[in-house]
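Coordinates in review
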Number of protein chains: 2
Amino acid sequence: MPKEGVSMLVIRRLPRYYRYLSELEAEGVEKISSTKLAALMNSTASQIRQDLNCFGGFGQQGYGYSVSGLREEIGKILGLNEIHHTILIGAGNLGRAIATHLNFEQLGFRLTAIFEKDTKLIGTMLRGIKVLSDDEIEAYVKANDIDTAVLAMPKEAVEKMIDKLYGCGIRSYWNFSHYDISKKYHDVVAENVHLSDSLMTLRYMMNQ
Amino acid sequence: MPKEGVSMLVIRRLPRYYRYLSELEAEGVEKISSTKLAALMNSTASQIRQDLNCFGGFGQQGYGYSVSGLREEIGKILGLNEIHHTILIGAGNLGRAIATHLNFEQLGFRLTAIFEKDTKLIGTMLRGIKVLSDDEIEAYVKANDIDTAVLAMPKEAVEKMIDKLYGCGIRSYWNFSHYDISKKYHDVVAENVHLSDSLMTLRYMMNQ
C-alpha cells in the first residue's frame, strides 16, 4: 500500500529516519548533513538522499537538513500528526507488553480499550485502562470512533475475532498472530509482526 | 550476512516458508505444487521457485514439493536443527511476553537463564526458569555454553549491558531496544525488532 511509485522498502525505512531525527532533536541538534546522518544510521548519504527524494527532497544542497523540519515532514508522511483510535485484543503476556511498552500517542494512535476472554484478566487494569470482556467489543466499537485493532491473541482464535471486528467496520490491524488477515479480507490494511520469523532469521545469520 | 549471492529479502522469506510447510505437514499434506503453495501464501509460483532455487531447488518439475522434505531442508538452511543456548536480559513485561510466547526450541534456541536488575522480579519464575540478578550474568555465561542474548531492556541500559555481554564472548543478539549494537561491535550478528517502526508503518499504510 505504499505511496504511488515508492517501494515498500523505502516506506519501511521512514520510521527509522523519524526515530533518529527525534533523538537528534532531543539532543538539541538543529542541522545535519546527509553524510553525518548516514554515519549515524549505518547508511549512506546517497541512500538517504534517494529515499527522501521519493517524497520531495527537503534538503538544500550544501546546507544539510533541518532536524526538526525533516522530522516533522517525515512525521506528516507517516501520518503521525493525526491520531487514530485503536483497541487491543488480548491482555495476556504479549498484550501486556504491547500496552505498556509502546508510546501509542507518539506513533499516531490512541489506545482506548483492551479486551480479553480470560475471566481472570477481565477487570484488571493495564496502562490505566480497565480490561473488558470480549463480549463487549461490538458495542464498544460501534459506540466509539475505532478504526484499528491490535491483535495479541493465538492464531486459532483470530479468524473468528477478525470476522467480528471486520463486521464492526475495523479495517486496520496490527497483528501479532500468524493468521493472514488480508487473504480473507482484501480491503484491510494489516501490518504483521512475526516474532518467530525474526528469531529464525537470527539463527540463519549466526551460521553465515 | 546472507549466504553468498542470496539477498536478505529472500532470507527473510525463508521463515515464512518454514511456517507454512510446518502447518501443511501438521495437517498431513504430503506434496504441494508451487502454484498451490503460492495461493496459500499470497505469493506467486515463480517467486517461490526463484527463492528456493537460491538454495538448490528441491522440487521436481510437474511433481511438486515434498512438504516434509522441503520443510526439513529449509529448517537446515535456517540452522534450526542445531540448538544454541541463549539468555534473556529483562524480565519486565516485554521479557515475560518473549519468554512465554516463543517456542525457542523449535526456532533453534534453548532459553537457559533470565536476568533482571529489578529486585522485585529477581527470584520469580518465568517459563519454569528462575529470574536471576544481572550481577550473575558474567559468571553464568562463562560457566555455560551461551552464545546468544535476547535483549528486552530499555535503550538507555543496553550499551553498558552489551559491553558486558560482548566481553563474555556473546556475539549474537536478538535486540528489542533501539540501540544499534553492530555500530559499536562489527563482528556481532544482531537481529533487531523495532515494534514502534512497525506500528508507524501501519499508520502510513492506513493513509494510502
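The model shown is predicted, which means the values in this text are computed figures rather than measured ones.

This part is about the overall build of chain A. On a plain count of helices and strands, chain A comes out with nine helices and nine strands. Here the C-alpha coordinates of chain A stretch approximately 60 × 45 × 30 Å along the principal axes. Going through the 208 residues of chain A one by one, you find that 37% of them count as buried. Residue pairs in contact within chain A that sit at least 24 positions apart in sequence constitute 56% of those at least 6 positions apart.

Moving on to the environment of I11(A). Residue and element names in this part refer to chain A. With respect to the secondary-structure elements, I11 resides in helix α1 (residues 8–26). Using a count of 22 C-beta atoms within 10 Å as the deciding quantity, one classes I11 as buried. The spatial distance from the C-alpha of I11 to the C-alpha of S34 is 18 Å, given a sequence separation of 23 residues.

Time to look at the confidence of the model for chain A. When pLDDT is averaged along chain A, the result is 93; 96% of the residues meet or exceed 70. Scored by ipTM, the complex comes to 0.94, with pTM at 0.92.

We now examine the relation of the copies chain A and chain B. Mapping chain A onto chain B leaves a residual RMSD of 0.0 Å; the transformation is a rotation of 180 degrees accompanied by 0.0 Å of translation along its axis. In the structure described here, the two chain copies are related by an operation that fits a two-fold rotation axis. Rotation axis and chain A: the residue whose C-alpha lies nearest the axis is A97(A), separated from it by 3.1 Å. A shared binding surface is used by both copies, with 100% of the interface residues of chain A retained as interface residues in chain B.

When the parts of a complex come together, some accessible area is lost, and that lost area is often used as the size of the interface. The interface of chain A with chain B comprises 47 residues on the first partner and 47 residues on the second. Among the elements of the structure, α1, α5 (93–101), β8 (172–175), β9 (189–192) and α9 (195–206) of chain A are those that each provide at least two residues to the side of chain A that touches chain B. Residue classes in the side of chain A that touches chain B are distributed as 23 nonpolar, 14 polar and ten charged.

Glancing now at the sheet that holds strand β3 (residues 84–89) of chain B. Taken in spatial order, the seven strands make up an open sheet running β5-β6-β4-β3-β7-β8-β9 (chain B), and their pairing is mixed. Edge strands, defined here as strands with exactly one partner in the open sheet, are β5 (125–126) and β9 (189–192) of chain B.

A few words now on the sheet that holds strand β3 (residues 84–89) of chain A. Strand order across the open sheet formed by seven strands is β5-β6-β4-β3-β7-β8-β9 (chain A), with mixed pairing between neighbours. Each edge of the sheet is formed by a strand with only one pairing partner; in this case those strands are β5 (125–126) and β9 of chain A. Where β3(A) meets strand β4 (residues 109–116) of chain A, six bridges bridge the pair, whose relative direction is parallel. Within β4(A), the residue paired with I89(A) across the bridge is F115(A). Of the strands in this sheet, β3, β4, β8 and β9 of chain A touch helix α9 (residues 195–206) of chain B, which is tilted by about 165 degrees from β9(A).

Between its first and last C-alpha, helix α1 (residues 8–26) of chain B extends 28 Å over 19 residues, near the 27 Å set by a 1.5 Å rise per residue. When we look at burial in α1(B), the residues that qualify are I11(B), L14(B), P15(B), Y17(B), Y18(B), L21(B) and L24(B). Tucked into the core, α1(B) has its buried residues touching α9 of chain A together with β1 (31–32) and α4 (67–78) of chain B. A positive phi of about 85 degrees marks G28(B), the residue just after α1(B).

In terms of domain boundaries, chain A breaks down into domain 1 (8–78) and domain 2 (84–198). Centre-to-centre separation of domain 1 of chain A and domain 2 of chain A, based on C-alpha positions: 31 Å.

This part takes up the packing of helix α2 (residues 34–41) of chain A against helix α3 (residues 45–53) of chain A. Residue and element names in this part refer to chain A. Put simply, α2 and α3 touch, their axes get as near as 8 Å, and they point 105 degrees apart. The angle between α2 and α3 places the two elements in the roughly perpendicular class. Contacts between α2 and α3 involve S34, T35, L37 and A38 on the former and, on the latter, A45, I48 and R49. In the contact of α2 with α3, the residues fall into four nonpolar, two polar and one charged.

Let us look at the environment of Y166(A). By the secondary structure assignment, Y166(A) is in helix α7 (residues 155–167). The spatial distance from the C-alpha of Y166(A) to the C-alpha of D147(A) is 9.8 Å, given a sequence separation of 19 residues.

Another point: the packing of α1(B) against α4(B). Residues and elements named next belong to chain B. One can describe the packing of α1 onto α4 by two numbers: an axis separation of 9 Å at closest approach and a directional angle of 145 degrees. Helix-helix and strand crossings are classified by hand; for α1 and α4 the assignment is left-handed. Touching L14, P15, Y17, Y18, L21, S22, L24 and E25 of α1 are V67, S68, L70, R71, I74, G75, I77 and L78, all from α4. Per-class residue counts for the contact of α1 with α4 are eleven nonpolar, three polar and two charged.

Another point: unusual backbone geometry. Of note, the phi angle at R127(A) is positive, near 55 degrees, even though the residue is not glycine. Looking at the element boundaries, R127(A) is found in the loop between β5 and β6 (129–133). Note on R127(A): 14 C-beta atoms within 10 Å, which makes it partly exposed. Residues other than glycine seldom take positive phi values, yet N42(B) does so here, at roughly 55 degrees. By the secondary structure assignment, N42(B) is in the loop between α2 (34–41) and α3 (45–53).

About the thresholds
- Residues numbered from 1 in each chain as written.
- Chains lettered and ligands numbered in written order.
- Predicted model: local features only at pLDDT ≥ 70, side-chain atom pairs only at ≥ 80, totals over all residues.
- Helix = DSSP H or I, 4+ residues; strand = E, 2+ residues; numbered from the N terminus.
- Buried ≥ 20, exposed ≤ 12 C-beta atoms within 10 Å, placed from the backbone.
- Contact = placed C-beta atoms within 7 Å.
- pLDDT = per-residue confidence, 0-100.
- Least-squares fit on C-alpha atoms with pLDDT ≥ 70 in both.
- Nonpolar A, V, L, I, M, F, W, Y, C, P; charged D, E, K, R; others polar.
- Pairing = 2+ DSSP bridges.
- Axes fitted to C-alpha atoms, helices over the stretch in contact; angles between N-to-C directions.
- Expected span 1.5 Å × (residues − 1).
- Domains from an automatic or database assignment.
- Parallel < 35°, antiparallel > 145°, perpendicular 65-115°, else oblique.
- Left-handed = near helix turned anticlockwise from the far one by under 90°.

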